[in-house]
Amino acid sequence: MKKKILFAASECVPFIKTGGLADVVGSLPKYFDKEKYDCRVILPKYMCMDEKWKSQLEYVDHFYMDLSWRNQYVGIFKLDYEGVTFYFVDNEYYFNGPTPYSDIRYDLEKFAFFSRAVLSILPIIDFRPDVIHCHDWQTGLIPVYLKDSFSQGDFFRGIKSIMTIHNLKFQGVWDVKTVQDIAGLSDYYFTSDKLKDYDDGNLLKGGIVYADVVTTVSDTYAEEIKTAFYGEGLDGLLNARSNDLLGIVNGLDYNEYDPMNDPLIYKNFDVKTFRKDKKANKVALQKELGLKVDASKMMIGMVGRLTDQKGLDLVACVLEEMCQDEVQFVVLGTGEERYENMFRHFDWKYADDFSANIYYSNELSHKIYAACDAFLMPSLFEPCGLSQLMSLRYGTLPIVRETGGLKDTVEPYNEYEETGTGFSFINYNAHEMMNTVRYAEHIFYDKKRSWNYMAARAMKQDFSWNASAKKYEQLYDRLIG
Ligand code: GLC
């Protein structure tokens, strides 16, 4: 008999994405051994999903569900896509916004509804998972409900749950009274060893307390979150649960991110041809973005959410100085307004060598990974990070801060032994970052052979899902027994 796994999450590629969570939820299920595991995924049916997907969903059933004192419609839709079954929870009151998330008070109710609906749907679709694999705070109530109102009766008894933390910064927190009212849970749950966190109710905390196992997306982050600096107030709890806490590093969908077969980039290349063909990508990107065309100038990319997490205050501190160097910068992403405006300013001031693209585009991101020589990611914290994996795959050398998944996936260059796949620094300090960027510039311009060897080593690394999917399989096996 196949083992049944259900992923519950708030976003998933290709249907809806705001961050790396969507990449993981969208790719990992494809990499489980189909002979042994039947892994399905359940998501909200957001109105803001692309019409292309919405029009393909097939209606399954609907019913009404109690959520605290509310009684709400739950529709179930379904789509089989690339060998995986996806379910979508429909409720236009909750999922009608222009983006998946809005203000947190409203989101809390939305995802409490989603979490309860996930469990309520299971008998109706006749799918009894052995394990429900929950992702981030939006699904934190699932392990709680599983032990509470769904613990009676044969159907739910024995279902295990896993809580995977993709980012501890976001926990789903509001005052106890509101959370209690929304979730419909008794006073019993609102003590400091359960969902209560000072005067607040905390959904992720509920997930961490009640899940059978807690995982996060790299080994280093699994250690870091047990400390006060990275623990976001939950380090005590995570220490208490350290026997059930483990890190499994994310993989990348190597079919989608494949420089040899990527239809989105200007010229395909592999480890044999990258020396010449990455330059062709660079020149084409320079033309497309209106930068000065110069195949030999070092190009540094930055792609992602423009937030503090990504170390942008360090960048802000020394960007003016770095712009005096022989480098071009290409930025892609949206986020905090001050960073958006900062990059727009540099784009205006250094038009020939700075390109700020303040929006999100999957296509442009692929072009950047293919065209750049280096990729800057000086994160304050980074649970795993996927951009550096994409960069490595495209022979673009990451310049990173040694934290979380960045530390686990980028090996710093050692010029004496000619080892390493990128550049890194330890302290959260702008000048330490700038010195590292300048060291990379030096290797790029003065030791081109070493640079190219390093790019070849980077491209040969294996961060596909193969190894990590096996680790999740082992975890499921252990839980199911
Ligand atoms: C979050 C984290 C990122 C991680 C991703 C997927 O976006 O910030 O580090 O790679 O989740 O797990």
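Reference entry: report on the structure contained in this document. In this text the structure is predicted, and so the values were computed from the model without any measurement.

Another point: the nonpolar core. Ranked by size, the top nonpolar core spans 166 residues in total, and within it Leu-319, Phe-343 and Phe-354 carry the most contacts. Tallying contributions element by element places helix H3 (residues 104-125) first for this core, with 11 residues. Sequence-distant contacts of Phe-354, defined by excluding residues within four places in its chain, comprise Leu-291, Leu-319, Cys-323, Phe-329, Val-331, Phe-343, Phe-346 and Asp-347.

The subject of this paragraph is the layout of surface pockets. Roughly 180 Å³ of volume is contained in the second largest pocket. Lining the second largest pocket are 13 residues, and of these Arg-275, Lys-279, Asp-373, Phe-444 and Asn-452 sit closest to its centre. Those elements giving two or more residues to the lining of the second largest pocket turn out to be helix H9 (274-289) and helix H16 (448-460). Considering only residue class, the lining of the second largest pocket consists of 5 nonpolar, 2 polar and 6 charged.

Another point: empty space enclosed by the protein. Enumeration over the complete set of coordinates arrives at 1 cavity of 30 Å³ or more. In this model, the largest cavity occupies a volume close to 120 Å³. In terms of lining, the largest cavity is formed by 13 residues, of which the most central are Met-302, Val-303, Gly-304, Lys-310 and Leu-376. Among the elements of the structure, strand S13 (298-303), strand S14 (327-332) and strand S16 (374-377) are those that each provide at least two residues to the lining of the largest cavity. If one sorts the elements of the lining of the largest cavity by residue count, S16 sits on top with 3 residues. Partitioned by chemical class, the residues of the lining of the largest cavity number 10 nonpolar, 1 polar and 2 charged.

Moving on: unusual backbone geometry. Between Val-13 and Pro-14 the backbone carries a cis peptide bond, its omega angle lying at 5°. By the element assignment, Pro-14 lies in the loop between strand S1 (3-8) and helix H1 (20-27). Of note, Asp-126 is a non-glycine position whose phi angle comes to about 55°, a positive value. The exposed category is assigned to Asp-126, whose relative accessible area is 65%. Of note in this structure, Tyr-198 is not a glycine but carries a positive phi near 55°. Position of Tyr-198 among the secondary structure elements: in the loop between strand S9 (196-197) and strand S10 (200-202).

Turning to the pattern of salt bridges, a few remarks are in order. Scanning the model with the defined rule gives 30 salt bridges in all. A salt bridge links Asp-308 to Arg-338; its shortest N-O distance comes to 3.1 Å. Linking Asp-308 in the loop between S13 and helix H10 (312-322) with Arg-338 in helix H11 (residues 337-349), this pair joins segments that are 30 residues apart in sequence. Among the residues examined, Arg-338 registers a relative accessible area of 49% and is labelled partly exposed. One salt bridge connects Lys-349 with Glu-320, and the closest N-O pair in it is separated by 3.2 Å.

Right, let's talk about the sheet that holds strand S6 (residues 131-135) for a bit. What the 9 strands build is an open sheet, ordered S3-S4-S5-S2-S1-S6-S7-S11-S12; its pairing is mixed. Both outer strands of the open sheet, strand S3 (58-67) and strand S12 (245-247), are each paired with one neighbouring strand and no more. Pairs of neighbouring strands in the sheet enclose a mean axial angle of 25°, with direction left out of account. Direction of pairing for strand S7 (residues 160-165) relative to strand S11 (residues 213-216): parallel, over a ladder of 4 bridges. By the bridge assignment for S11, Ile-165 is matched with Thr-216.

For a regular strand, side chains alternate in direction, first toward one face of the sheet and then toward the other. For strand S2 (residues 37-44), a buried count of 8 out of 8 residues is recorded, marking the element as mostly surrounded by other parts of the structure. Of the strand pairs in this sheet, S1 and S2 are connected by 6 bridges, and their pairing is parallel. Residue Phe-7 lies in a different strand from S2, and its bridge partner there is Val-41. Crossover S1 to S2 through H1 is right-handed.

Residues in contact with the ligand amount to 14 residues; listed here are only the nearest, His-166, Asn-250, Glu-382, Cys-384 and Gly-385. Contacts to the ligand include Gln-309, whose side-chain N or O atom sits 3.1 Å from an oxygen atom. Measuring from an oxygen atom of the ligand, one finds a side-chain N or O atom of Glu-382 at 2.5 Å. Split into classes, the residues belonging to the shell around the ligand amount to 6 nonpolar, 6 polar and 2 charged.

So, on to the pairing of S7. For S7, the tally of buried residues reaches 5 of 6 residues, placing the bulk of the element in the interior. Handedness of the crossover joining S6 and S7 through helix H4 (residues 141-147) is recorded here as right-handed.

Further remarks concern the packing of H10 against helix H15 (residues 430-446). Each pair of packed helices gets described by two things: the angle between the helix axes and the distance between those axes. Two elements in contact, H10 and H15, have axes whose closest approach is 9 Å; the angle formed by their N-to-C orientations is 45°. Classified by the interaxial angle, the pair formed by H10 and H15 is oblique. Regarding H10 and H15, the two cross each other, and that crossing is right-handed. On H15, the residues that touch Leu-314, Val-315, Cys-317, Val-318, Glu-321 and Met-322 of H10 are Ala-430, His-431, Met-433, Met-434, Val-437 and Arg-438. A breakdown of the residues in the contact of H10 with H15 according to their chemical character gives 9 nonpolar, 1 polar and 2 charged.

What counts and what doesn't
Residues numbered from 1 in each chain as written. Predicted model: local features only at pLDDT ≥ 70, side-chain atom pairs only at ≥ 80, totals over all residues. Heavy atoms only, no water. Core = buried A, V, L, I, M, F, W, Y, C linked by side-chain atoms within 4.5 Å. Buried < 20%, exposed > 50% of the residue type's maximum accessible area, 1.4 Å probe, protein only. Helix = DSSP H or I, 4+ residues; strand = E, 2+ residues; numbered from the N terminus. Contact = heavy atoms within 4.5 Å. 1 Å grid on protein atoms, 1.4 Å probe; cavity = no way out; pocket = protein on both sides within 12 Å on 5 of 7 lines; lining within 4 Å. Points joined across faces, edges and corners; volume = space filled by probe spheres on them. Nonpolar A, V, L, I, M, F, W, Y, C, P; charged D, E, K, R; others polar. Salt bridge = Lys/Arg side-chain N within 4 Å of Asp/Glu carboxyl O. Pairing = 2+ DSSP bridges. Axes fitted to C-alpha atoms, helices over the stretch in contact; angles between N-to-C directions. Right-handed = clockwise from strand over helix to strand, strands pointing away. Near = heavy atom within 4 Å. Polar contact = N/O pair within 3.5 Å; in protein donor to acceptor, adjacent residues only side chain to side chain. Parallel < 35°, antiparallel > 145°, perpendicular 65-115°, else oblique. Left-handed = near helix turned anticlockwise from the far one by under 90°.

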